[in-house]
Amino acid sequence: MRRKLIKGLGIILLIFIAGSILVVKNLRTIVNNQAIVNKQDIIIARYNEMLFQIKSAQAELYRHQAGYTRNINKLVQFVEDFENNLDISLKDYSSELSNVMCLQCHGKVETQIKTLNTILSDVKELLRDYKKDISIIITTRDNDQRKAFEVLATENGLKLISMIGDIKHIADKMRLRVKGKRNILITRAIASIFATLIISLILAIAVIFLLVRSITKPVDALVSAIRDISSGRFRKV
């Protein structure tokens, strides 16, 4: 009887261990995917900051063109901050590409990632021209040359604004895809967890029932035999 009891408890323990492993695995999947979504939110926030910086730089450039100010320190600072964020974005995004691809396994996301990389590289090249224009505006003493490069800087600045807007739009769409995939994984994980718990509970109840039955059946037989003996029916003994 003791052996049957130990065997039954061992089976129940194995069932719950297997269920716990599956639950932990699903929870880890949810945590990993949520981390990727959080990273995407940070990237989107950086794009918004870059958009603000380049628009502010353009505003300062317009003020300079209109003659309202000759102090372009703010313009230079906005451009430097924009470049710093651009470098961070290029570095961070390259490290996140494999994570996003593993999460999505989707052709559209791959296309969006390639498009983002292309546009970011173009932004990097255009920013060099933009900085060069501003540098000439600062250093030249030729008014005609200054005005010509102010026009060029304005055009390049507008292009940068448009490109960052495109990047933000693509990144927003990709973030929605990532979140959609994450929600699907969460739903599957929750269903898997509940299914594992229910199956484990049913199997545990079945094992307990069989174990109790295997213990009580001999006892019932013994009680029945004792009753037969007490009533004088020795033939059943």
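Residues numbered from 1 in each chain as written. Predicted model: local features only at pLDDT ≥ 70, side-chain atom pairs only at ≥ 80, totals over all residues. Heavy atoms only, no water.

Novice: Sorry if this is basic, but what is going on with the overall build of the protein chain here?
Specialist: When helices and strands are counted, the protein chain shows 4 helices and 0 strands. Starting at the N terminus and walking to the C terminus, you meet the elements of the protein chain as α-α-α-α. Burial status across the protein chain gives 35% buried among its 237 residues. Long-range pairs, those at least 24 residues apart, make up 84% of the contacts in the protein chain with a sequence separation of at least 6. Only carbon and sulfur atoms are counted for the fraction: they give 62% of the accessible area of the protein chain, which is about 14800 Å². (Helix = DSSP H or I, 4+ residues; strand = E, 2+ residues; numbered from the N terminus. Buried < 20%, exposed > 50% of the residue type's maximum accessible area, 1.4 Å probe, protein only. Contact = heavy atoms within 4.5 Å. Areas by Shrake-Rupley, 256 points an atom, 1.4 Å probe, with all protein chains shown as cover.)

Novice: I tried to follow a nonpolar patch on the surface on my own but got confused; where do I start?
Specialist: Together, Leu 13, Leu 14, Ile 17 and Ile 21 make up a nonpolar patch on the protein surface, roughly 410 Å² of accessible area in all. Along the chain, Leu 14 falls in helix H1 (residues 2-66). Overall, Leu 14 belongs to the exposed group, its relative accessible area being 59%. (Patch = residues over 30% accessible without salt bridge, like charges linked within 9 Å, V, L, I, M, F, W, Y side chains within 5 Å. Salt bridge = Lys/Arg side-chain N within 4 Å of Asp/Glu carboxyl O.)

Novice: Explanation requested: the side chain of Glu 150 in the structure shown.
Specialist: Examined against the element boundaries, Glu 150 turns out to sit in helix H4 (residues 143-230). Using a relative accessible area of 6% as the deciding quantity, one classes Glu 150 as buried. Not counting residues up to four positions away in its chain, the partners in contact with Glu 150 are Leu 61, His 64, Gln 65 and Ile 137.

Novice: Is there a simple way to explain the environment of Val 31 in this structure?
Specialist: The topology assignment puts Val 31 in helix H1. Relative accessible area serves as the criterion here: at 56%, Val 31 is assigned to the exposed category. Taking the C-alpha atoms as reference points, Val 31 and Ile 186, 155 residues apart in sequence, are found 9.6 Å from one another.

Novice: Sorry, what's going on with the pattern of salt bridges here?
Specialist: Evaluated as defined, the whole model comprises 5 salt bridges. Between Glu 83 and Lys 131 there is a salt bridge; the shortest N-O distance is 2.8 Å. One end of the pair, Glu 83, is in helix H2 (residues 73-104); the other, Lys 131, is in helix H3 (residues 107-139), with 48 residues separating them in the sequence. Here Lys 124 makes a salt bridge to Asp 87, at a shortest N to O gap of 2.5 Å. Of this pair, Lys 124 sits in helix H3 while Asp 87 is found in helix H2, placing the two residues 37 residues apart along the sequence. By relative accessible area, Lys 124 is classed as buried at 18%.

Novice: Would you take a moment to explain the confidence of the model for the protein chain for this structure?
Specialist: When pLDDT drops low, the exact placement of atoms in the prediction is not to be read closely. Residue-level pLDDT values for the protein chain average 78, and 81% of them are 70 or greater. Within the protein chain, the lowest mean pLDDT, 76, falls on H2, and the highest, 82, falls on H3. (pLDDT = per-residue confidence, 0-100.)

Novice: Explain the nonpolar core to me, please; I cannot follow it from the model alone.
Specialist: The tendency in soluble globular proteins is for nonpolar side chains to be buried as a group. Of all hydrophobic cores here, the largest spans 34 residues; its most connected members are Tyr 47, Leu 75, Val 123, Tyr 130 and Ile 167. Going through the elements one at a time, H1, H2, H3 and H4 are the ones with two or more residues in this core. If you tally residues by element for this core, the top one is H3, at 11 residues. Residue contacts for Val 123: discarding those within four places in its chain leaves Phe 82, Leu 86, Leu 160, Met 163, Ile 164 and Ile 167. (Core = buried A, V, L, I, M, F, W, Y, C linked by side-chain atoms within 4.5 Å.)

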